[in-house]
Amino acid sequence: MRSSNSASSEDFAAAQPIASQPVIDLRGMGAVVAERRRALGLSQTALGLKAELSRMPVYRLEAGRDVALSSLLAMLAVLEIGLTLAPLQQGPLRAADLVRAFAHLHIDDQFDVDQDDTP
């Protein structure tokens, strides 16, 4: 018999996403946790107690600050939020993406990138 705290892969596959977009940073994760906590009618202190933590990790995460992975997982378990890790989907490469990626590089005025250097 399965305990009520364990979930199968079918349970997760059938679950609806809580966030409309993938969460890729602490600020986004904190927003999801705060929204779910409020929806369940829990204070930060109550969530901390249920997760066997103090209020501080809850406050820190909701503020977009770093917390221990074990603290994050404890909060997610109380909030009944599953964590799925997946590669970020890459779309087609755009010129603007290249400009942003290489913005830290500077071309010296002494080099003419349009001029052919061959003799």
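Scroll up for the structure.
Report on the accompanying structure. Everything numeric in this text was worked out from a predicted model, so none of it was measured. (Residues numbered from 1 in each chain as written. Predicted model: local features only at pLDDT ≥ 70, side-chain atom pairs only at ≥ 80, totals over all residues. Heavy atoms only, no water.)

1. Some thoughts on a nonpolar patch on the surface
Part 1 of the reasoning: A surface patch of nonpolar side chains, amounting to about 430 Å² of accessible area, comprises Leu69, Leu73, Leu83 and Leu85.
Part 2 of the reasoning: Mapping Leu73 onto the fold places it in helix 5 (residues 69–78). (Patch = residues over 30% accessible without salt bridge, like charges linked within 9 Å, V, L, I, M, F, W, Y side chains within 5 Å. Areas by Shrake-Rupley, 256 points an atom, 1.4 Å probe, with all protein chains shown as cover. Salt bridge = Lys/Arg side-chain N within 4 Å of Asp/Glu carboxyl O. Helix = DSSP H or I, 4+ residues; strand = E, 2+ residues; numbered from the N terminus.)

2. Here's the deal with the pattern of salt bridges
Part 1 of the reasoning: This structure, assessed with the given rule, holds one salt bridge.
Part 2 of the reasoning: A salt bridge links Arg37 to Glu62, with the shortest nitrogen-to-oxygen separation between them at 2.6 Å. Within this pair, whereas Arg37 is found in helix 2 (residues 26–39), its partner Glu62 is found in helix 4 (residues 55–62), the two being separated by 25 residues in sequence. This pair shows no difference in class: Arg37 is buried, exactly as Glu62 is. (Buried < 20%, exposed > 50% of the residue type's maximum accessible area, 1.4 Å probe, protein only.)

3. Quick notes on unusual backbone geometry
Part 1 of the reasoning: Phi is positive for Glu52, which is not a glycine, with a value near 60 degrees.
Part 2 of the reasoning: With respect to the secondary-structure elements, Glu52 resides in the loop between helix 3 (44–50) and helix 4.
Part 3 of the reasoning: Glu52 sits in the exposed class, given a relative accessible area of 75%.

4. Things to note about helix 4
Part 1 of the reasoning: For helix 4, every residue scored as buried is listed here: Pro57, Val58, Leu61 and Glu62. Viewed end-on, helix 4 has its buried residues packed into an arc of 125 degrees, placing them on one side of the element.
Part 2 of the reasoning: The N-cap residue of helix 4 is Ser54: its side-chain oxygen and the backbone nitrogen of Met56 are 3.3 Å apart. (Arc of directions from axis to C-beta. Polar contact = N/O pair within 3.5 Å; in protein donor to acceptor, adjacent residues only side chain to side chain.)

5. Overview of the side chain of Ser71
Part 1 of the reasoning: Mapped onto the elements of the fold, Ser71 is located in helix 5.
Part 2 of the reasoning: Using a relative accessible area of 9% as the deciding quantity, one classes Ser71 as buried.
Part 3 of the reasoning: Non-local contacts of Ser71, meaning those with residues more than four positions away in its chain, are made with Leu53 and Pro57. (Contact = heavy atoms within 4.5 Å.)

6. Focus on the packing of helix 2 against helix 4
Part 1 of the reasoning: One can describe the packing of helix 2 onto helix 4 by two numbers: an axis separation of 7 Å at closest approach and a directional angle of 120 degrees. Comparing the axis directions of helix 2 and helix 4 gives the class oblique. Contacts between helix 2 and helix 4 involve Leu26, Met29, Gly30, Val33, Ala34 and Arg37 from the first element and Val58, Leu61 and Glu62 from the second.
Part 2 of the reasoning: Split by residue class, the contact of helix 2 with helix 4 holds six nonpolar, one polar and two charged. (Axes fitted to C-alpha atoms, helices over the stretch in contact; angles between N-to-C directions. Parallel < 35°, antiparallel > 145°, perpendicular 65-115°, else oblique. Nonpolar A, V, L, I, M, F, W, Y, C, P; charged D, E, K, R; others polar.)

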